[in-house]
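# Structural overview
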Amino acid sequence: FDARRFMERMRGKRLMFVGDSLNRNQFYSLVCMVQSILSKGRKKVVKRGSNTIFHAKEYRATLEFYWAPFLVESNSDDPNIHSIEHRIIRPERIEGHAQYWRGVDYLIFDTYIWWMNTADIKVRRPDSRSWSEHDEVPRIEAYGRVLKTWSDWLNENIDPARTSVFFMTISPIHIR
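The structure reproduced in this document is the subject of the present report. (Residues numbered from 1 in each chain as written. Predicted model: local features only at pLDDT ≥ 70, side-chain atom pairs only at ≥ 80, totals over all residues. Heavy atoms only, no water.)

## Details of the packing of aromatic side chains
Any two aromatic rings considered together are summarised by their centre-to-centre distance and by the angle between their planes. Summed over all chains, the structure comprises 14 aromatic pairs. With a centroid separation of 5.4 Å and an interplanar angle of 25°, the aromatic rings of Tyr66 and Tyr100 are classed as stacked. Here the residue Tyr66 occupies a position in strand 4 (residues 61-67), and Tyr100 occupies one in the loop between helix 3 (95-98) and strand 7 (106-110), the gap between them amounting to 34 residues. The exposure class of Tyr66 is buried, given its relative accessible area of 4%. Assessed through its relative accessible area of 42%, Tyr100 is described here as partly exposed. An aromatic cluster is defined as three or more aromatic residues linked by ring pairs; in this entry it consists of Phe27, Tyr28, Phe65, Trp67, Phe70, Trp114, Trp115 and Tyr143. Over the face of the ring belonging to Trp114 we find Arg87, whose NZ or CZ atom lies 3.6 Å from the ring centre. For Arg124, the ring lying beneath its charged end belongs to Trp131, and the centroid distance is 4.7 Å. (Phe/Tyr/Trp six-rings, centres within 6.5 Å; stacked < 30°, edge-to-face > 60°. Helix = DSSP H or I, 4+ residues; strand = E, 2+ residues; numbered from the N terminus. Buried < 20%, exposed > 50% of the residue type's maximum accessible area, 1.4 Å probe, protein only. Lys NZ or Arg CZ within 6 Å of the ring centre and 35° of its normal.)

## Overview of the environment of Glu95
Within the secondary structure, Glu95 sits in helix 3. Residue Glu95 is classed as partly exposed on the basis of its relative accessible area of 37%. Ignoring any residue separated from it by four or fewer positions in sequence, one finds Glu95 in contact with Arg102 and Trp153. Engagement of the side chain of Glu95 in a polar contact is seen with the side chain of Arg102, the distance being 2.7 Å. Within the structure, the side chain of Glu95 is placed 3.3 Å from the side chain of Trp153, a separation counted as a polar contact. (Contact = heavy atoms within 4.5 Å. Polar contact = N/O pair within 3.5 Å; in protein donor to acceptor, adjacent residues only side chain to side chain.)

## A closer look at the pattern of salt bridges
This model, assessed by the stated rule, comprises 11 salt bridges. As a salt-bridge pair, Glu73 and Arg90 come within 3.2 Å of each other at their nearest N and O atoms. Within this pair, whereas Glu73 is found in strand 5 (residues 73-74), its partner Arg90 is found in strand 6 (residues 88-90), the two being separated by 17 residues in sequence. For Asp152, the salt bridge is made with Lys148, and the minimal N-O distance between the two is 2.7 Å. (Salt bridge = Lys/Arg side-chain N within 4 Å of Asp/Glu carboxyl O.)

## Observations regarding the pairing of strand 2 (residues 43-48)
Pairing of strand 2 with strand 3 (residues 51-56), which is carried by 6 bridges, proceeds in the antiparallel orientation. Bridge pairing in strand 3 links Arg48 to Asn51. The hairpin turn running from strand 2 into strand 3, its antiparallel successor, is 2 residues long, and Gly49 in that turn takes a positive phi close to 60°. (Pairing = 2+ DSSP bridges.)

## Examining a positive patch on the surface
Residues Arg42, Lys44, Arg48 and Lys57 make up a contiguous surface patch of positive charge. Following the sequence through the fold, Lys57 ends up in the loop between strand 3 and strand 4. On the basis of relative accessibility, which here comes to 34%, the residue Lys57 falls in the partly exposed class. (Patch = residues over 30% accessible without salt bridge, like charges linked within 9 Å, V, L, I, M, F, W, Y side chains within 5 Å. Areas by Shrake-Rupley, 256 points an atom, 1.4 Å probe, with all protein chains shown as cover. Lys, Arg positive; Asp, Glu negative; His and termini not counted. Charge placed at Lys NZ, Arg CZ, Asp CG, Glu CD.)

Written out as structure tokens, the structure reads:
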């Protein structure tokens, strides 16, 4: 890995990891790999809610991480207090997160580890006023709804000539 070459290609651009702690770890690994080539006082990390931004000032570039473990709105969206017993999602609600993804040159999404706990997941009812109003839905069905919401948002909001999008998900296990 040539950090200087990478940062030259990142000049004036934004790269954002979106998802859970697996993508957060990828973000911090990339920051570690590039930060040593940057001048002292010309780099900084800023945390704003769900967004963590590493500024490489001499390249006018940012490496970012946005906490959205299900990609859509959930009761686990707090980046600091999210290890709660009963996770509930809103599969058709994404804009609260997605508003931060606009204008990014490279978007790298992941969501899967939080889908592995049980066969069903709690889904907030569309017209409900609180998280306590929810139904149990098979995870595979909810996952499909989330991916449809996400892909619809991409199709409506991302210009593929300007933004590259990558998606990581679970791979099948190879043990019996």
